[in-house]
Amino acid sequence: MRKGNYILIVAMVALAFGSVSCTYYTNPEDPGFVIPPPEKPDLEYIGSESCAACHQDTYDKFITTGHPYILSKVEDGQAPTYPNTTLDFVPPYFANGWNDVSYVIGGFAWRYQLTDAEGYIYTGDDAQYNFQTASAVPYHADMSPGTKQFSCGNCHTTGWVSVDDGGLPQDDLVGMGGSFFAPGVQCEACHGEGSVHRFTSAAEDIIVNTEASACGSCHARNDGTKISAADGFILNYSQYDEMLATKHSELSCVSCHDPHLSNKTGEMGIRQSCTDCHEGINNPTHNGADCISCHMPNATKSAVASTKYVGDVMTHIFKINAAEDGEMFNEDGTIANGEAGIALAYACYQCHRDSDGIGGTNSRKTLEQLSDLATDYHK
């Protein structure tokens, strides 16, 4: 075989099989002739679609979750598409409808806000649209439109670099406080830049961090030191703060959740049920109710609260404070006491009603009655 042809063939093999990058190629007919392995590429983002080339099943599940859609670009004056919602509302502020909108923040399940043609987050009396009530509500209505910079890239984009850290405004939009590789939480937001892993296929060339703190980089508001609250509810994205205040603090989020699946669409993203660890728990009176009915009530609010006891997101505190006078929040209602546990009103009035008839549809119960029933309930 001519040496030139041999070099071409080996080079093609080396490019096709990057995982053999530690091998040197020789010509059996010329032992002194050695071709060094191809060099690894620079570390850079490649996009979720490139990940799908080898991880199609995982990608197909991931793309139905809320993560990729937490920020979506508006292109050609058309609203972005989502797996389980349709965006129909644009505030009158945007005179030309979607043509005046640059990005959608959220939109997957609970709510969404918009950024204007210059990248600023639109603020006003009708700036947040809630799906549950099909209505627009205020969002930072005390701020004039065109003044709230988009600075949410750490948790809403992949590859965010803020202006303070040297990034340029995304798409040359002055309202954008940084740049990013892709909108939304894509594969590489958690797994790191994929160029080298695509080249080598080696596990050591991609990030797989199963620590709860990895999820806590976004699902926390106070770095695990306290649980933020407002208007009688825990604030959304406080799950990591909640976990750290419980006996489950040593668990990883992925012990129970599959991060590539959603609880909202398709397959449920729950890997383990409570009884996988808590076997033989006695449930003497609430037949038909599962663990999360009481221990993970909707004490958190993302967009809408149905009653003063029922928000739209489950809490991850788990522990129930069975005291009749148990307080869940501090004096000004800005911090929830995770160690004390979920107040009875939030655990029980999801189903029962208080003395004013507020809560669920089941029988009315006073907090005194509920405390008597809840104390040592499982014993």
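Residues numbered from 1 in each chain as written. Predicted model: local features only at pLDDT ≥ 70, side-chain atom pairs only at ≥ 80, totals over all residues. Heavy atoms only, no water.

**Quick notes on the packing of aromatic side chains**
Then comes step 1: Taken as a whole and assessed by the stated rule, the structure comprises 17 aromatic pairs.
Then comes step 2: Ring centres of F89 and Y129 lie 5.4 Å apart, and the angle between their planes is 20°; this geometry places the pair in the stacked category. One end of the pair, F89, is in the loop between β3 (71–73) and β4 (101–106); the other, Y129, is in strand β6 (residues 124–130), with 40 residues separating them in the sequence.
Then comes step 3: For Y129, a relative accessible area of 15% gives the class buried.
Then comes step 4: Arranged with centres 5.8 Å apart and planes meeting at 80°, the rings of Y129 and F131 form a pair that is edge-to-face.
Then comes step 5: By the ring-pair criterion, three or more aromatic residues cluster together here, those being F233, Y309, F329, Y346 and Y349. (Phe/Tyr/Trp six-rings, centres within 6.5 Å; stacked < 30°, edge-to-face > 60°. Helix = DSSP H or I, 4+ residues; strand = E, 2+ residues; numbered from the N terminus. Buried < 20%, exposed > 50% of the residue type's maximum accessible area, 1.4 Å probe, protein only.)

**Things to note about the layout of surface pockets**
Then comes step 1: Within this model, the second largest pocket holds a volume of roughly 280 Å³.
Then comes step 2: What lines the second largest pocket is a set of 18 residues, and nearest its centre among them are L71, S72, K73, E75 and P183.
Then comes step 3: By residue number, the principal contributor to the lining of the second largest pocket is β3, which donates 3 residues.
Then comes step 4: Classifying every residue of the lining of the second largest pocket by side-chain character gives 10 nonpolar, 5 polar and 3 charged. (1 Å grid on protein atoms, 1.4 Å probe; cavity = no way out; pocket = protein on both sides within 12 Å on 5 of 7 lines; lining within 4 Å. Points joined across faces, edges and corners; volume = space filled by probe spheres on them. Nonpolar A, V, L, I, M, F, W, Y, C, P; charged D, E, K, R; others polar.)

**Details of the side chain of D126**
Then comes step 1: Looking at the secondary structure, you find D126 in strand β6.
Then comes step 2: Despite its burial, D126 pairs with no opposite charge, the nearest such side chain being R111 at 15 Å.
Then comes step 3: Within the structure, D126 has its side chain in polar contact with the side chain of Y122 (distance 2.7 Å).
Then comes step 4: The residues contacting D126, other than those within four sequence positions of it, are F89, P91, P92, A136, V137 and P138. (Lys, Arg positive; Asp, Glu negative; His and termini not counted. Salt bridge = Lys/Arg side-chain N within 4 Å of Asp/Glu carboxyl O. Polar contact = N/O pair within 3.5 Å; in protein donor to acceptor, adjacent residues only side chain to side chain. Contact = heavy atoms within 4.5 Å.)

**Observations concerning the state of the cysteines**
Then comes step 1: If you walk through the whole model with that rule in mind, you get 1 disulfide.
Then comes step 2: C155 shares a disulfide with C218; S-S distance 2.5 Å. Of note, the bridge from C155 to C218 carries an S-S torsion of about -105° and is left-handed in sense. In this pair, C155 sits in helix α4 (residues 153–156) while C218 sits in the loop between α7 (212–216) and β12 (227–230), placing the two residues 63 residues apart along the sequence. (Disulfide = S-S within 2.5 Å.)

**Section: unusual backbone geometry**
Generally, phi is negative for residues other than glycine and the peptide bonds are trans, each holding for most cases.
Then comes step 1: The residue Y237 is not glycine, and still its phi comes out positive at about 65°.
Then comes step 2: Here Y237 is to be found in the loop between β13 (233–235) and α8 (239–244).
Then comes step 3: Assessed through its relative accessible area of 28%, Y237 is described here as partly exposed.
Then comes step 4: If you check the backbone angles, D376 has positive phi at about 55° while not being a glycine.
Then comes step 5: Along the chain, D376 falls in the segment after α12 (367–374).

**Things to note about the sheet that holds β6**
Then comes step 1: Here 5 strands make up an open sheet; going across it, the order is β3-β4-β5-β6-β7 and the pairing antiparallel. Taken across any chain shown, the strands that pair with only one partner, and hence form the sheet edges, are β3 and β7 (135–139). Strand-to-strand twist across the sheet, computed as the mean angle between neighbouring axes with direction ignored, equals 40°.
Then comes step 2: Sheet analysis places β4 next to strand β5 (residues 111–116), joined by 5 bridges and oriented antiparallel. Each bridged residue has a counterpart across the sheet, and for Y103 the counterpart in β5 is T115. (Pairing = 2+ DSSP bridges. Axes fitted to C-alpha atoms, helices over the stretch in contact; angles between N-to-C directions.)

**Focus on the confidence of the model for the protein chain**
Then comes step 1: When pLDDT is averaged along the protein chain, the result is 91; 91% of the residues meet or exceed 70.
Then comes step 2: A low-confidence stretch, residues 1–22 (pLDDT under 50), is modelled with 26 contacts involving residues beyond four sequence positions or located in other chains. (pLDDT = per-residue confidence, 0-100.)

**Here's the deal with the pairing of β6**
Then comes step 1: The element β6 is extensively covered by neighbouring structure, given that 6 of its 7 residues are classed as buried.
Then comes step 2: For β6 and β7, the ladder comprises 4 bridges, and the chain directions are antiparallel. Paired with N130 across the strands is S135, a residue of β7.

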